[in-house]
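Residue-level structure breakdown
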Amino acid sequence: MQTKIGITGGIGSGKSYICNCIKELGYPVYNCDDEAKRLMVEDATIIAGIKNLVGDDAYQDGTLNKKAIADFLFRNADNAKAINGIVHPVVKQDFAKWARMQEARYVFMECAILFESGFQDAVDTTVLIYAPAEIRLHRAMMRDNASAEQIKARMSHQISDEEALSLADYVFDHTEYETTTSEINKLIKYLEQC
């Protein structure tokens, strides 16, 4: 029987790094951000829905017109919800289809907004990649060559650590990169006991 695991974490937590390590161990990983970008230019339902919301200039030569989308998003706070309402259901369906095609016992979904988007309903177990906020801030500043203010602004748009910790089935401590292998082993043991 297959188990679907959703992996999430705040900016700078290292969720992409952990997911790459999991992939290197031979487990399939579905990246929601990457697949959403692909589906936004390939899926007829999404394309029609976005054109209906934004207008025909939402796409140019088969690619997403980022300026038109950005203008739409900044026009009204509810516009992001409207676009997400079109994109998220298709991504969920795509993940379910992808998971059925995998032969592995465990399949993973990397999703930065797992709880905010309701994607926890698409998986059997949720895993929070956790590191204290000050560590995440430092990592994200180094990674993105950004200021503390820029990263804090991005952090403010994510759910709080307290809320994420209360919602997750399993907390993966990623305070230190040196413990990654042992923490992945603990996660796999946890999954085997579920």
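Presented here is an overview of the structure given in this document.

Notes on the layout of surface pockets
Approximately 1400 Å³ is the volume attributed to the largest pocket. In this structure, the largest pocket is lined by 39 residues; those nearest its centre are Asp33, Lys37, Asn84, Ala112 and Ile113. Elements with a contribution of two residues or more to the lining of the largest pocket: α1 (15-24), α2 (32-42), β4 (63-64), α4 (66-75), α5 (79-101) and α6 (133-144). No other element matches α2, which puts 7 residues into the lining of the largest pocket. Within the lining of the largest pocket, the residues separate by chemical class into 18 nonpolar, 11 polar and 10 charged. Of the volumes computed, that of the second largest pocket is approximately 170 Å³. In terms of lining, the second largest pocket is formed by 17 residues, of which the most central are Gly9, Gly10, Gln158, Ile159 and Ala164. Secondary-structure elements contributing two or more residues to the lining of the second largest pocket are β6 (125-130) and α8 (161-167). Top contributing element to the lining of the second largest pocket by residue count: β6, with 3 residues. Class assignment for the residues of the lining of the second largest pocket results in 9 nonpolar, 5 polar and 3 charged.

Points about the pairing of strand β1 (residues 3-8)
Extensive coverage of β1 is indicated by the burial of 5 of its 6 residues. Summarising the sheet, β1 and strand β5 (residues 106-110) pair through 5 bridges and their orientation is parallel. Bridge pairing in β5 links glycine 6 to methionine 109. As paired elements, β1 and β6 share 4 bridges and run parallel to each other. Among the inter-strand pairings, isoleucine 5 is bridged to a residue of β6, identified as threonine 125.

Focus on the pattern of salt bridges
Tallying each qualifying case throughout the model produces 8 salt bridges. Note that glutamate 35 and arginine 38 form a salt bridge whose closest N and O atoms lie 2.6 Å from each other. Remark: arginine 38 and glutamate 35 occur in helix α2; sequence separation between them is 3 residues, near one turn of the helix. Accessibility expressed as a relative area gives 28% for arginine 38, which makes it partly exposed. Residues lysine 186 and glutamate 183 are paired through a salt bridge, measuring 3.1 Å at the closest nitrogen-oxygen approach. Of this pair, lysine 186 and glutamate 183 both sit in helix α9 (residues 180-193), separated by 3 residues, roughly a single helical turn. When its relative accessible area of 46% is taken as the criterion, lysine 186 is described as partly exposed. Each of Glu35, Arg38, Glu42 and Asp94 takes part in a single network of salt bridges with overlapping partners.

About the criteria used
- Residues numbered from 1 in each chain as written.
- Predicted model: local features only at pLDDT ≥ 70, side-chain atom pairs only at ≥ 80, totals over all residues.
- Heavy atoms only, no water.
- 1 Å grid on protein atoms, 1.4 Å probe; cavity = no way out; pocket = protein on both sides within 12 Å on 5 of 7 lines; lining within 4 Å.
- Points joined across faces, edges and corners; volume = space filled by probe spheres on them.
- Helix = DSSP H or I, 4+ residues; strand = E, 2+ residues; numbered from the N terminus.
- Nonpolar A, V, L, I, M, F, W, Y, C, P; charged D, E, K, R; others polar.
- Buried < 20%, exposed > 50% of the residue type's maximum accessible area, 1.4 Å probe, protein only.
- Pairing = 2+ DSSP bridges.
- Salt bridge = Lys/Arg side-chain N within 4 Å of Asp/Glu carboxyl O.

Note that every value here comes from positions in space, so none of it alone points to a role or purpose.
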